[in-house]
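# Observations on the three-dimensional arrangement
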Protein chains: 6
Amino acid sequence: MSSPSRPSGRASDQLRTVTIERHYTRHAEGSVLVCFGDTKVLCTASIEDRVPPWLRGKGEGWITAEYGMLPRATNTRMQREAARGGQGGRTMEIQRLIGRSLRACVDRQALGERVITLDCDVIQADGGTRTAAITGAYVALVDAVNVLMKRENLRRNPVVGAVAAISVGIYQGVPVLDLDYAEDANCDTDMNVVMNDGGGFIEVQGTAEGHAFRREEMDAMLALAEKGIGELVIAQRTALEMA
Amino acid sequence: MSSPSRPSGRASDQLRTVTIERHYTRHAEGSVLVCFGDTKVLCTASIEDRVPPWLRGKGEGWITAEYGMLPRATNTRMQREAARGGQGGRTMEIQRLIGRSLRACVDRQALGERVITLDCDVIQADGGTRTAAITGAYVALVDAVNVLMKRENLRRNPVVGAVAAISVGIYQGVPVLDLDYAEDANCDTDMNVVMNDGGGFIEVQGTAEGHAFRREEMDAMLALAEKGIGELVIAQRTALEMA
Amino acid sequence: MSSPSRPSGRASDQLRTVTIERHYTRHAEGSVLVCFGDTKVLCTASIEDRVPPWLRGKGEGWITAEYGMLPRATNTRMQREAARGGQGGRTMEIQRLIGRSLRACVDRQALGERVITLDCDVIQADGGTRTAAITGAYVALVDAVNVLMKRENLRRNPVVGAVAAISVGIYQGVPVLDLDYAEDANCDTDMNVVMNDGGGFIEVQGTAEGHAFRREEMDAMLALAEKGIGELVIAQRTALEMA
Amino acid sequence: MSSPSRPSGRASDQLRTVTIERHYTRHAEGSVLVCFGDTKVLCTASIEDRVPPWLRGKGEGWITAEYGMLPRATNTRMQREAARGGQGGRTMEIQRLIGRSLRACVDRQALGERVITLDCDVIQADGGTRTAAITGAYVALVDAVNVLMKRENLRRNPVVGAVAAISVGIYQGVPVLDLDYAEDANCDTDMNVVMNDGGGFIEVQGTAEGHAFRREEMDAMLALAEKGIGELVIAQRTALEMA
Amino acid sequence: MSSPSRPSGRASDQLRTVTIERHYTRHAEGSVLVCFGDTKVLCTASIEDRVPPWLRGKGEGWITAEYGMLPRATNTRMQREAARGGQGGRTMEIQRLIGRSLRACVDRQALGERVITLDCDVIQADGGTRTAAITGAYVALVDAVNVLMKRENLRRNPVVGAVAAISVGIYQGVPVLDLDYAEDANCDTDMNVVMNDGGGFIEVQGTAEGHAFRREEMDAMLALAEKGIGELVIAQRTALEMA
Amino acid sequence: MSSPSRPSGRASDQLRTVTIERHYTRHAEGSVLVCFGDTKVLCTASIEDRVPPWLRGKGEGWITAEYGMLPRATNTRMQREAARGGQGGRTMEIQRLIGRSLRACVDRQALGERVITLDCDVIQADGGTRTAAITGAYVALVDAVNVLMKRENLRRNPVVGAVAAISVGIYQGVPVLDLDYAEDANCDTDMNVVMNDGGGFIEVQGTAEGHAFRREEMDAMLALAEKGIGELVIAQRTALEMA
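Counting starts from 1 at the beginning of each chain's written sequence and moves along it residue by residue. Think of it this way: whatever chain is written first is A, whatever ligand is written first is 1, and the rest follow in order. Side-chain atom pairs in this predicted model are given and counted only at pLDDT of 80 or more, local residue features only at pLDDT of at least 70, and totals for whole chains, interfaces and linings cover all residues. In computing side-chain values, all of the structure's heavy atoms are included and hydrogens and water are not.

Stated formally: UniProt positions are given in the numbering used here, feature names are shortened, and annotations may be inferred rather than shown by experiment.
Looking at an unreviewed UniProt entry, one finds chain A named Ribonuclease PH, with Dyella jiangningensis as its source organism. Per UniProt, chain A carries the Subunit (unreviewed entry) text "Homohexameric ring arranged as a trimer of dimers." Taken from UniProt, the Sequence similarities (unreviewed entry) comment for chain A reads in full: "Belongs to the RNase PH family."

Okay, structure coming up:
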């Protein structure tokens, strides 16, 4: 399967170069710089010994996520959300997605009454920031949980399986994997897929930008996503095996 | 296909009773009360002769949506968002979805430099408020556009085709159509599907609440959604044929 | 007393058609749709087992109110307060008035340490929304208190008497009862009067819009208000006697 | 008419000592410190050569008011509204009242396309801050308009007549004039009355705090208000006659 | 040392007339009107029996400050911060400075678990509002602490020494003491200095407005500040010796 | 001059290792990662062809700065300012300082009607983030201005000289250069100094944390700052000479 038309020259089923750098900053229990090509996201995992009010005394924990973009991560400067007085709809949508996705691989009773916050801050954007964020946040989460298990002598590992995410789309009529900004801005359909390492779907969010997509296009996109996520899960594992 | 286990006793592929009442309030160019069973949403379409700053002078219009819930539309009272000082993440996510969905059936150049705002306010909630909102907002939009075409003597109809939405899910292991609140609060997977009257997909948003869903479950859910949306498009047409 | 000049053709001492529909939505302990002609307000009463901080441990309860308008309740669309980031001055003024008025008929010690919130949301506006809201909220309050008395086996009824409200004004030199929007926008004086069923005044808020009003005009307006509120109290009673 | 029971020992129809000090600060076009006994309000009038958007090009001006309390104007410190992130309901209600009251004595066409803002800041509070504010703001307004007339060579005086305000109430069963804090916190009924110098009513805002008030009590309160406002108008005139 | 060029005609090392009026308002434990020429700031000190969360149970107290300007304290009206929805950067910077400065003369363990809030509200501005505020707030603090010591029978005086502040600058090439607005708006360098009565520095904040300042200019400014603060400490002492 | 007591083992007049990496991200006109030891700040410079309202039509430009910290740049997670609804006092104080400092080396008429925004985002914090930010932002500014000069064919270089900043303090009685977090949290005095490459002072901000500092301590700190800034200016120059 090849697509000479992709601006980057990639094959239609080809991921960008993916790198996952652990221990990127030193304070957080987990700290990962994930790059999907020119998209660079710093993902930190922070453990706190508290739970949100609605979970008090229930013996289980919570995973939450926050997402941000540095003002000049993008081609033209965007106003800082802190200066504008609050997070916009897009930010809220993305951080809710990241949180739900990561909760899908956590046994919250094994975690105990603790919150792990995944902060995903985009240093440089070139499309696919939310899928890079989920993929990197998983590695930061594992690192943080390992710190926690050692520190608190937990009996059971709260992390169950792995979670990764990738975007797929229809670009100039062809289904393609891992859209960069040039593709994302001009595609007909854009779909973000989150899966676990057992091949199960956690989230599927497809949007027709130009015209509606047909069932067979959806099938082709899902197949590309399955392939890409398989490769991302291997990249996560490889990164985690390093010292 | 039947599922004796649904709390409502409905068959697994059965919609709730759907009603679409036009001209529900008198000021808006389009005003529709849509009911999916006990879920009741008032959808109004308002025309304004202005465009957002980024569209000025481009000769095309915009469709946007806002979503709200009356504080006691739900079982326990929710704090009013105006009193809390802003719209929450869930509200923003839903109103962005409604806006994107309706834009998919509008020719924005035929509309000209105008904004149509779709206000979807939930009077009573019992699951599926966003899908009811999209389905009802489409009818309000058509009514408003008809007013506009007459008033401004437009040559081309800005509305192209129809858009409707339904939720599907896996409830106690069985794929079911149009989840009510009792099902929604206890299901394993919840998927909102927006389609046009030509069978094309506009949006697919699936979320694993309990455990990840398999490809064959997704296929079953999509088939249910196609059936349900077919029925909703007929209900929209029937409502629009009345005086 | 007749005034051929009223836009609606009503006599100067004539109310619009008043309807009070109980059990309008199903979740709230009290839920009433009140219509003063084309003005339609949904009033719900919600009971919560908590008190504001300043009443903790004092053995008495609280009645509070919130007011909102759907964006297209009015002739031109108004910006949603939740989207604008907060409630405006007019909204705050009205909801404070509704709260004070209803507290005037409640024995807060008989209520016990509970809050009842009256949410008054204007579905359609044609003048007099705050007086309709007070009149309807009273009926919702009685329904909610009856639920509470049964559920909690209260010995004493916390509701003492009845409260209703109406607007009066000077329109083209003539004192008139129950102003609709066409009158309200063009009157010289506008006065909102809240009374109990014993003929006592709870609130009187009169404003000279054009020129100052004389004492004899005030007397005429108060007499009209007394007549109108007498009729509203009967309408409340009649509605409450239904099953 | 005497009432030995007033905490201050005043007769029931007796104002507190009223002082009106003009030119209190030096930057504003009008600047007045008004004292009703221990209630001290600084009222400034500021002229700006602009109008609100809805008045552009209409050849008329606008009068608006803002109200604030220094955090320790009161017996216990109140949180600063600027620190809390916005003005509360009570503040908005009062500043809207001040604005409406002063607009009642201004010919907005004679004013031309200008805004006069009346800032009323309570330095020390002992009841009756809003009535003191209106009474003092009138004097500041006259001073500012005189500056304007000279500077811009206006042909017609935009100020038409005078406006003053006072509170009245039922304290321990007796109608009394000009409530101080000790009375205000314990009265059955509290009414703020705004009148012009021709004896016409601009605003009447009466609230039953304890039990509802009867028509004859209202009549007694209005009579007291008329007397008190007569004296305030003289105090305003005397102050304005000074150099 | 003389500088004929100062707009006010003052010598280069001459303060404006400084007055410190205690007991200016009656509710606060300490209440001082401080004037540096035409700059007038009302400083109140309020005692509360609580501490911020991070100090609970530590047996020590806190001193904090808030700063505000009445909208027409300045030559052209500034928007009210409460109406704008929050405090701006300049306000926050100044109130943080006032708080730090006053904490420097307080033994927080002797104070016990209490907060003293210093509210500094500018009634009229003519340059140097923050230095006047610090100088006046010290006197209000001493008054409040004396009330507290008597009321609570404290063994140790929480106030240790005195704190005062003054501005210095380079105006038309000449180092000058206590800049008024005319100088402040046109100077090359502006420095605020806070010192204690033992000649120690608490804060030094110098800013080059025009071109960078040299070390010898800094030395000259610091010498002027030492002289001015010496005089202010005497003014504080004199004010505090009065009944 | 040596101080065996510094936690890092540095000499008292020794900077941490300083690195300045240009072109760190690819979208901004200037993008620099500056490290003062473990303190890492990303500084981007963004050019926009607009000016703030108060500069329109004046033929000159503006330099402004914004400062942020990633939530887990610090030892314990801090709440995200965008989520909290606004920038805090510390953030505002720092970004105002950065802006003023950089404006001191810019000829705003040579810049023309443009804004350059310096975004300084702390990736990892270990004390001295504001001084690192100023030092790095200068290099980003030069890169951006070079882009601008080429693109717009400017005749005159808007950057005049260089600006750098360093902290100094009194740690355990000894004046030290470039405080890290361990020192900053325990020092008696903390002073931030901004200078230009000609040895002139732009800003001096000294704060006594423990007890007041004496004039001779101030002299010693200023001498250390002059030495440190001399070295930083060389580091800036070296970085800018690279391709």
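Now, onward.
## Some details on helix α6 (residues 215-241) of chain C
Counted only if it meets this: In DSSP terms, a helix is any run of H or I states spanning at least four residues, a strand is any run of E spanning at least two, and both are numbered starting from the N terminus. Given a helix with a known number of residues, its expected span is that number minus one, times 1.5 Å. Only protein chains enter the accessibility calculation, which uses a 1.4 Å probe. A residue is then buried if its area is under 20% of the maximum for its type, exposed if over 50%, and partly exposed in between.
In a regular helix each residue adds 1.5 Å, so 27 residues correspond to 39 Å; α6 of chain C covers 39 Å between its end C-alpha atoms and thus fits that length. Of the residues making up α6 of chain C, those classed as buried are M218, M221, L222, L224, A225, G228, I229, L232, V233, Q236 and A239 of chain C.

## Section: the UniProt feature "binding site: phosphate" (unreviewed entry) in chain A
Put simply, the test is: Only heavy atoms matter for contacts: two residues are in contact if any of them lie within 4.5 Å across the pair.
Feature annotation in UniProt assigns "binding site: phosphate" (unreviewed entry) to the following positions: R90, G128, T129 and R130 of chain A. Spatially, the listed residues are clustered: although they cover 41 residues, their C-alpha atoms lie within 13.5 Å of one another. Considering the arrangement of structural elements, one finds R90 of chain A in helix α2 (residues 89-103). Among the residues examined, R90 of chain A registers a relative accessible area of 34% and is labelled partly exposed. Ignoring sequence-local partners within four residues, the contact set of R90 of chain A consists of Y67, M69, T129 and R130 of chain A together with R96 of chain B. Along the chain, R130 of chain A falls in helix α4 (residues 129-152). On the basis of relative accessible area, R130 of chain A is assigned to the buried category, the value being 18%. Residues within four places of R130 of chain A in sequence aside, it is in contact with R90, E93, I94, L97, N192 and Q205 of chain A.

## Overview of the interface of chain F and chain A
Put simply, the test is: Values labelled buried area give the accessible surface lost by two parts on being combined, using a 1.4 Å probe and summing over both. Should a side-chain nitrogen of Lys or Arg be within 4 Å of a carboxyl oxygen of Asp or Glu, the pair is scored as a salt bridge. Any N or O atom pair separated by 3.5 Å or less is treated as a polar contact, with the protein-specific requirement of one donor-capable and one acceptor-capable atom, and with residues adjacent in sequence counted only for side-chain atom pairs.
With 38 residues of chain F in contact, the opposing surface of chain A contributes 37 residues. Summing both partners gives a buried area of about 2900 Å² for chain F against chain A, and 46% of it is carried by carbon and sulfur. By the criterion of area lost to chain A, the three top residues of chain F are H27, R72 and R77 of chain F, representing 25% of everything that side buries. Our enumeration of links across chain F and chain A arrives at 16 salt bridges. At the boundary of chain F with chain A, the tally comes to 25 residue pairs in polar contact (both at pLDDT 80 or more). Elements represented by at least two residues in the side of chain F that touches chain A include exactly β3 (39-48), β4 (62-69), α1 (81-84) and β5 (115-124) of chain F.

## Quick word on the relation of the copies chain F and chain A
The test is simple: Only residues with pLDDT of at least 70 in both copies contribute their C-alpha atoms to the least-squares superposition of the copies.
Once chain F is rotated about the relating axis by 180° and shifted along it by 0.0 Å, it coincides with chain A to within an RMSD of 0.0 Å. Such a combination of turn and shift is consistent with a two-fold rotation axis. If distances are taken from each C-alpha of chain F to the rotation axis, the shortest is found for A82 of chain F, at 1.9 Å. Of all interface residues in chain F, 97% are interface residues in chain A too; the two copies therefore contact each other through one and the same surface.

## Notes on the environment of P158 of chain C
Residue and element names in this part refer to chain C. Within the secondary structure, P158 is located in the loop between α4 (129-152) and β6 (163-171). Given the relative accessible area of 1%, P158 is considered buried. Sequence separation between P158 and N146 is twelve residues, and the spatial gap between their C-alpha atoms is 9.5 Å. Those residues within four positions of P158 in sequence are excluded, and the remaining contacts are C105, V106, D107, A110, L111, V145 and M149.

## Comments concerning the packing of helix α4 (residues 129-152) of chain B against helix α6 (residues 215-241) of chain B
Residues and elements named next belong to chain B. What counts is decided by this rule: Between N-to-C directions, angles span 0 to 180 degrees; the directions come from axes that are lines fitted to C-alpha atoms, helices contributing only their stretch in contact. The hand of a helix crossing depends on one turn: near helix anticlockwise from the far one by less than a right angle means left-handed, and clockwise means right-handed. In this count, Pro and Cys sit with the nonpolar residues alongside Ala, Val, Leu, Ile, Met, Phe, Trp and Tyr, while Asp, Glu, Lys and Arg are called charged and the others, Gly among them, polar.
Closest axis-to-axis distance for the α4/α6 pair is 10 Å, and the angle between their directions is 30°. You can see that α4 and α6 cross each other, and the crossing is right-handed. Here α4 contributes T135, Y138, V139, V142 and D143 to the contact with α6, which in turn contributes L232, Q236 and L240. Split into classes, the residues belonging to the contact of α4 with α6 amount to five nonpolar, two polar and one charged.

## Considerations on the relation of the copies chain D and chain C
Relative to chain C, chain D is turned by 180° and slid 0.0 Å along the rotation axis, the superposed coordinates differing by an RMSD of 0.0 Å. Of all interface residues in chain D, 100% are interface residues in chain C too; the two copies therefore contact each other through one and the same surface.

## A short note on the side chain of R80 of chain A
Here R80 of chain A lies in the loop between β4 (62-69) and α1 (81-84). Assessed through its relative accessible area of 8%, R80 of chain A is described here as buried. At a separation of 2.9 Å, a polar atom in the side chain of R80 of chain A contacts the side chain of D121 of chain F. When residues no more than four places from it in sequence are discounted, the contact partners of R80 of chain A are P71 of chain A together with E66, Y67, G68, Q87, D119, C120 and D121 of chain F.

## Observations concerning the interface of chain D and chain C
Across the boundary between the two partners, chain D contributes 28 residues, which contact 28 residues of chain C. Taking both partners together, chain D and chain C bury about 2400 Å²; carbon and sulfur atoms supply 50% of that area. Scanning the region where chain D abuts chain C turns up six salt bridges. Note that R215 of chain C is salt-bridged to E226 of chain D, the shortest N-O span being 3.9 Å.

## Considerations on the sheet that holds strand β1 (residues 18-22) of chain D
Residue and element names in this part refer to chain D. Stated precisely, the cut-off is as follows: Any two strands between which DSSP finds at least two bridges are classified as paired.
The five strands lie next to each other as β1-β2-β3-β5-β4, forming an open sheet whose pairing is mixed. Every other strand in the sheet has two partners, leaving β1 and β4 (62-69) as the edge strands with one partner each. Strand-to-strand twist in this sheet, taken as the mean axis angle between neighbours without regard to direction, amounts to 20°. As paired strands, strand β3 (residues 39-48) and strand β5 (residues 115-124) are joined by nine bridges and run antiparallel to one another. Residue pairing for β5: K40 is matched across the bridge by Q124. Most of the contacts of helix α2 (residues 89-103) go to β4, to which it runs at about 145°, and overall it touches β4 and β5.

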